[in-house]
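Take a look at the letters that make up each chain.
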Amino acid sequence: MEKHYLLVSDFDQTLSFQDSGHALSEMLGIAGFADKVAGLSRLNLVQQGAELAYLLRHDPEFRRVRKEDLVEVGRQIRLKRNVGLLARLLRDGIPGYRFDFYVVSAAPEEVVQSALGGMVPPERVIGSRLGYNPETGEIDSIHQVTAGYGKVAAVEELRKRLGVPRDRVVYVGDGSSDLHVMLHVNRGEGFTIAVSETRAISQVARRTVLSDDALSVLVPVLDEILGYAPDQVRALFEANGLVIHEWDRVRTDWLTIRPGPAADAAPLVAAVVA
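Remember, predicted model here, so these are calculated numbers, not experimental data.

A. Spotlight on the sheet that holds strand 5 (residues 169-173). Taken together, seven strands build an open sheet; the order of strands is 4-3-2-1-5-6-7 and the sheet is mixed. In the strand order of this sheet, the two ends are held by strand 4 (139-144) and strand 7 (207-208), each with one partner. When strand 1 (residues 3-9) meets strand 2 (residues 97-108), the two strands line up parallel, connected through seven bridges. Within strand 2, the position partnered with Leu 6 by the bridge is Asp 100. Running at roughly 150° to strand 4, helix 3 (residues 51-58) makes contact with strand 2, strand 3 (125-132) and strand 4 of the sheet.

B. Representation of the environment of Leu 55. Considering the arrangement of structural elements, one finds Leu 55 in helix 3. Leu 55 sits in the buried class, given a relative accessible area of 4%. Along the backbone, Leu 55 and Phe 33 are 22 residues apart, and their C-alpha atoms lie at a distance of 9.3 Å. Sequence-distant contacts of Leu 55, that is, excluding residues within four places in its chain, are made with Phe 33, Lys 36, Leu 40 and Phe 62.

C. Focus on the environment of Arg 129. Structurally, the position occupied by Arg 129 is in strand 3. For Arg 129, a relative accessible area of 37% gives the class partly exposed. Here the alpha-carbon distance between Arg 129 and Val 111, two residues 18 residues apart in the chain, equals 11 Å. Here Arg 129 is in contact with Glu 109, Ile 142, His 143 and Gln 144, once residues within four sequence places are set aside. Here the side chain of Arg 129 touches Glu 109 through a polar contact of 2.8 Å, side chain to side chain.

D. Representation of the layout of surface pockets within the structure. Estimated volume of the second largest pocket: approximately 490 Å³. Lining the second largest pocket we find 24 residues, and of these Asp 12, Asp 19, Gly 49, Glu 51 and Ser 177 sit closest to its centre. Elements supplying a minimum of two residues to the lining of the second largest pocket: helix 1 (20-28), helix 2 (33-43), helix 3 and strand 2. Ranked by residues supplied to the lining of the second largest pocket, first place goes to helix 2 with four residues. Broken down by class, the residue content of the lining of the second largest pocket amounts to six nonpolar, twelve polar and six charged.

Rules used in this analysis
Residues numbered from 1 in each chain as written. Predicted model: local features only at pLDDT ≥ 70, side-chain atom pairs only at ≥ 80, totals over all residues. Heavy atoms only, no water. Pairing = 2+ DSSP bridges. Helix = DSSP H or I, 4+ residues; strand = E, 2+ residues; numbered from the N terminus. Contact = heavy atoms within 4.5 Å. Axes fitted to C-alpha atoms, helices over the stretch in contact; angles between N-to-C directions. Buried < 20%, exposed > 50% of the residue type's maximum accessible area, 1.4 Å probe, protein only. Polar contact = N/O pair within 3.5 Å; in protein donor to acceptor, adjacent residues only side chain to side chain. 1 Å grid on protein atoms, 1.4 Å probe; cavity = no way out; pocket = protein on both sides within 12 Å on 5 of 7 lines; lining within 4 Å. Points joined across faces, edges and corners; volume = space filled by probe spheres on them. Nonpolar A, V, L, I, M, F, W, Y, C, P; charged D, E, K, R; others polar.

Below, the structure written as structure tokens:
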């Protein structure tokens, strides 16, 4: 029998190089997106990751955004390499295992579905869902925001619907908006992967992998979950026309060092403990 897993990935800066909100602002010539997001964060008005949905509904400059704008910006977002191959290999490229691959993002569904068109079926994309005025096309409501605890709810709904045990859930993310869902997956003895060195997320994730290729997240999956040896990992990549050129497995220690209260008076001493 095949072993069945659920692998869920974030979108912005996990499968892509860009943030959807920044990309939309640049396309429409709306300035100050980063400042607007920072202001919302200071107020704690919305969950991290939900800022774009809030601005689309409430900010005067974003009120002119229509569904076709979201679809168009999705087409323009630059993706990491081999997103389509990642989806295909997870579906049917690993003998003895089956991975249901879903994308859960705080970005509007129209953006993510457009960006991943032809690679990930639209029904496997769960994003923020917006309502539109049928006469003007203006965004007039928010039906769902998959940020923060919203991501936890989305992943749990998927897991239960697909009948996947909690210890067979894998989540891939890059930033603070993924923190809640990573903690949730870890508590269920699932597996979490960070694709950035953001401190909050890399300290929570079970593994961190840094690459400009989306297929890189397969390495910790093959290594930690499936028990592949390094030569087996390389063989799988080579069977799909790819070569792992560099693979540095390192541990990162985060340190902040400041002078102590007696630093000015104390002599400089080097101590070595055997």
